[in-house]
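Remarks on the overall topology
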Number of protein chains: 2
Amino acid sequence: MTTAPDAGAVPGTVRPGGRTARVREAVLRAAGDALAERGFAHLDLAEVARRAGVGKTTVYRRWGTVTALLADLLDDMAEQSEPRVEVGSLLSELEANATLVRRTLTDSRQGALFKAVIAAATSDAHAAQALHRFYAARVAEWAPCVRQAAERGEVPADTDPEQVVRAVSAPLYYQLLTTGTPLDQAAAERAARAAYEAARAGAFRTGR
Amino acid sequence: MTTAPDAGAVPGTVRPGGRTARVREAVLRAAGDALAERGFAHLDLAEVARRAGVGKTTVYRRWGTVTALLADLLDDMAEQSEPRVEVGSLLSELEANATLVRRTLTDSRQGALFKAVIAAATSDAHAAQALHRFYAARVAEWAPCVRQAAERGEVPADTDPEQVVRAVSAPLYYQLLTTGTPLDQAAAERAARAAYEAARAGAFRTGR
DNA sequence: CGATTAACGGGACCCTGGTTCCGTTAACGC
DNA sequence: GCGTTAACGGAACCAGGGTCCCGTTAATCG
C-alpha cells in the first residue's frame, strides 16, 4: 500500500509549473473568447477545451463548473486592471473612474465576462464571492480620491468614500442591465456628475 | 386531407378560456415558488410541471424555455405592482419609490424573480425585452413626480425625469448584485437622497 | 539524470433535460 | 346539446453535457 495522495486537493496546486500553467492560460483565454463570441448561455466546457487544445477531462477536473471557471477568469482579470491616476479635482477623478467603467462594460470581451459573472452570481455563491472580491478591490483602489477631496474640503469630512465610488458605477450597471440603451460617454459623465453633486450635498455622510 | 391548423401559432391563443387559463395560472405560481425556494440555476421545467400538477409536455409546448417562462412571470407581475401615490415633496416621493424598490428586491419571491430575470436577460433577448418593458413602465409611472417638482421649481426645469427615477433604483440594484451587504432601509433613503441632491444640483438636465 | 507521481488526454459510459408520438379531455361555435 | 379540434397528459425516446477509467506525459525532488 503506497501513500495515497490527498484526494481532497485541487489539481494544479502541487505542480503548478510548466504544463499546468500553460493549460490554465490556454483555457482562460479560450473561455474568454467563447464568452465574447457566443455568450454565457452557450458556454460549453467541452467547446472551451477544444478551443484551448486541451482534453475536456482536464477542464472538468480543474474547474468543474462554468461558474467556477468564470470566477477564475474574473480573478485573473482583477490582477491586470489599470490603477487609478491622481488628478487633483474630485469631479475629474470620478469622471475618469466612470469612463474606465464604461470602457470596461462596453468592451466586447470584458463586457461579456461581467454580464456572465453577474448572471452566475445571482445563483452561485462562489461566483458571487468572486464578484464581491473584485468590487471590494476596485472600490478600495478609488476610495482615496474621495478621502483626499474630503481633506481639501470639497465634500463633507464625514463622507463615506466607498459609497461615493459605488454611486458612480451604479447607474452604468443599471443602464446596461435594465435598458437597451447603449452606454455612451454622456452616461458616464452624468454618473460622475450625479455622484459628485450628491456627495457635496452630504448625501453620503456617515454619522447619521 | 383536412385543413391543417396554423402550425406557427402559440398554443393557448385560440382557446384561452377555462382549462388553459387555469394551467397558466398554476404554472406561473409553481414557477414562482420553485424560483424562490431553489433559485434560478436549479429551475427545472419538469419540476415546475409536477408542482403545478400539469404534464411537462404542456409546459414545454406553451413556454419552451426557462427564459420565456420568466418573461411571462415578469409580465404577470408587472400588471399587479402598486401605483405611485402622490405626496407633494420630491424627496419624500423619491423615498417612497426607493422603499418600494427595496421591499420588492428584499421580498424572497419577487427578489428571486428579479435576480433570475436579470440573469436571463444577460444572455437571452426575450428576457431582456421583458425586463426593458417592465422598467419602462415603472419609470413612466414615477416620472411625473419629478415633472411636478420641476414645475414647482424644486429642480431645474429641464431636468430629465426618467434619469432621476432611474438614479434612485440604480444603487439598490448595484448593491444587491455586487456586494454581499443586505439592502436595508438606510440604503433606500441614501439612494433617494443622492438622486434628489444630484437633481437639484442640475446633474440630470437635458439641454447639454 | 532517474524515480516518483501529479496532471493530462482519449474514449467509453451514463444520466437527465428536452422532444416526439399519440390517445384523451374539454373549449368554443353552432 | 353536439361536433370539431385546440390543448392537455403519459410514456417512450433522443442527445449532449458531464463523469469515470486507465494509460501517457512531464513537473519536481534528490
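Every chain is numbered independently, its residues counted from 1 as its sequence is written. Numbering of ligands from 1 and lettering of chains from A proceed in the order in which they are written. Reporting in this predicted model follows two pLDDT cut-offs: at least 70 for local features of residues, and 80 or more for side-chain atom pairs to be given and counted; totals over whole chains, interfaces and linings ignore these cut-offs and use all residues. Processing note: side-chain calculations cover all non-hydrogen atoms of the structure and skip hydrogens and water entirely.

1. Some points on helix α7 (residues 125-152) of chain B
Residue and element names in this part refer to chain B. Counted only if it meets this: Runs of E in the DSSP output that reach at least two residues are strands. Runs of H or I that reach at least four are helices, and both are numbered from the N terminus. One less than the residue count of a helix, multiplied by 1.5 Å, gives the span that helix is expected to have. The angle between axes fitted to the seven residues ending at a residue and the seven residues starting there is what we call the bend at that residue.
With 28 residues, α7 should reach 40 Å at 1.5 Å per residue; the first-to-last C-alpha distance of 40 Å fits that figure. Along α7, the sharpest kink reaches roughly 30°, centred on W142 and followed within four residues by the proline P144. Trailing α7 by a residue or two, G153 shows a phi angle of about 85°, which is positive.

2. Details of the environment of T58 of chain B
Mapping T58 of chain B onto the fold places it in helix α3 (residues 56-62). With 52 residues separating them in the primary sequence, T58 of chain B and Q110 of chain B have C-alpha atoms 25 Å apart.

3. Let's talk about the nonpolar core
Put simply, the test is: Residues enter a nonpolar core if they are buried and are Ala, Val, Leu, Ile, Met, Phe, Trp, Tyr or Cys, with the set joined through side-chain atoms within 4.5 Å. Type-normalised accessible area, obtained with a 1.4 Å probe on protein chains alone, sets the label of each residue: buried when under 20%, exposed when over 50%, and partly exposed for intermediate values. Only heavy atoms enter the contact rule, under which two residues are in contact if any of them lie within 4.5 Å.
Core analysis: the largest hydrophobic core is formed by 136 residues, its most contacted members being V27 of chain A together with V27 of chain B. Beyond its immediate sequence surroundings of up to four residues, V27 of chain B is in contact with V48, A52, V54, V59, W63 and L69 of chain B.

4. Some thoughts on the protein's contact with DNA strand C
Test applied: Definition of nearness: a residue and a molecule or strand are near each other if at least one heavy atom of the residue lies within 4 Å of the molecule or strand.
Residues in contact with DNA strand C amount to 25 residues; listed here are only the nearest, V14, R15 and R61 of chain A together with G17 and K56 of chain B. When the atoms of DNA strand C within 4 Å of the protein are sorted by group, sugar and phosphate make up 58%. Elements supplying a minimum of two residues to the surface near DNA strand C: α1 (18-38) and α3 (56-62) of chain A together with α1 (18-38) and α3 of chain B. Per-element accounting of the surface near DNA strand C gives the leading share, four residues, to α3 of chain A.

5. Comments concerning the interface of chain B and chain A
Stated formally: Here the quantity called buried area is the accessible surface, traced with a 1.4 Å probe, that two parts lose on coming together, added over both. Should a side-chain nitrogen of Lys or Arg be within 4 Å of a carboxyl oxygen of Asp or Glu, the pair is scored as a salt bridge.
Chain B puts 30 residues into the contact, and the matching count from chain A is 30 residues. Surface buried jointly by chain B and chain A totals about 2800 Å² across both partners, of which 69% is contributed by carbon and sulfur atoms. The largest share of the area that chain B buries against chain A comes from T122, Y174 and R190 of chain B, three residues that together contribute 22% of it. In this assembly, chain B and chain A are joined by zero salt bridges.

6. Side note on the protein's contact with DNA strand D
The test is simple: Contacts described as polar in this section are N or O atom pairs within 3.5 Å, which, within protein, must combine one atom able to donate a hydrogen with one able to accept it, while residues neighboring in sequence count only if both atoms come from side chains.
Neighbouring DNA strand D are 25 residues; G17 and K56 of chain A together with V14, T58 and R62 of chain B lie closest to it. For DNA strand D, the fraction of atoms within 4 Å of the protein that belong to sugar or phosphate moieties is 59%. R61 of chain B is positioned with one of its side-chain polar atoms (N or O) 3.4 Å from a base nitrogen of DNA strand D. Breaking the surface near DNA strand D down by element, the ones donating at least two residues are α1 and α3 of chain A together with α1 and α3 of chain B.

7. A look at the relation of the copies chain B and chain A
To be explicit about the condition: The copies were overlaid with a least-squares fit restricted to C-alpha atoms from residues scoring a pLDDT of at least 70 in each copy.
Mapping chain B onto chain A calls for a rotation angle of 180° and an axial translation of 0.0 Å; the resulting RMSD is 0.0 Å. What the rotation and shift describe, once combined, is the action of a two-fold rotation axis. In terms of C-alpha distance to the rotation axis, chain B has A119 of chain B as its closest residue, with the C-alpha 2.0 Å off the axis. Most of the interface of chain B is mirrored in chain A: 100% of its interface residues are interface residues there too.

8. Observations regarding the packing of α7 of chain B against helix α8 (residues 161-178) of chain B
Residues and elements named next belong to chain B. Applied cut-off: All axes are obtained by fitting lines to C-alpha atoms, using only the stretch in contact for helices, and the reported angles, taken between N-to-C directions, cover 0 to 180 degrees. The cut-offs work like this: below 35 degrees is roughly parallel, past 145 is roughly antiparallel, 65 to 115 is roughly perpendicular, and the gaps in between are oblique. By definition, turning the near helix anticlockwise from the far helix through less than a right angle yields a left-handed crossing, and turning it clockwise yields a right-handed one. Residue type decides the class: Asp, Glu, Lys and Arg count as charged, Ala, Val, Leu, Ile, Met, Phe, Trp, Tyr, Cys and Pro as nonpolar, and the leftover types, Gly among them, as polar.
Contact geometry for α7 and α8: axes closest at 7 Å, N-to-C directions at 120°. Considering their axes alone, α7 and α8 lie oblique with respect to each other. The handedness of the crossing between α7 and α8 comes out as right-handed. Contacts between α7 and α8 involve Y135, V139, W142, A143, V146 and R147 from the first element and P161, E162, V164, V165, R166 and Y173 from the second. Within the contact of α7 with α8, the residues separate by chemical class into nine nonpolar, no polar and three charged.

9. Examining the confidence of the model for chain A
To keep it simple, the criterion reads: One confidence number per residue, pLDDT, is output by the predictor and ranges from 0 to 100.
Here chain A averages 92 in pLDDT, while 95% of its residues score no lower than 70. Counting contacts from residues 1-7 of chain A, a segment whose pLDDT is below 50, to residues more than four positions away or on other chains yields zero contacts.

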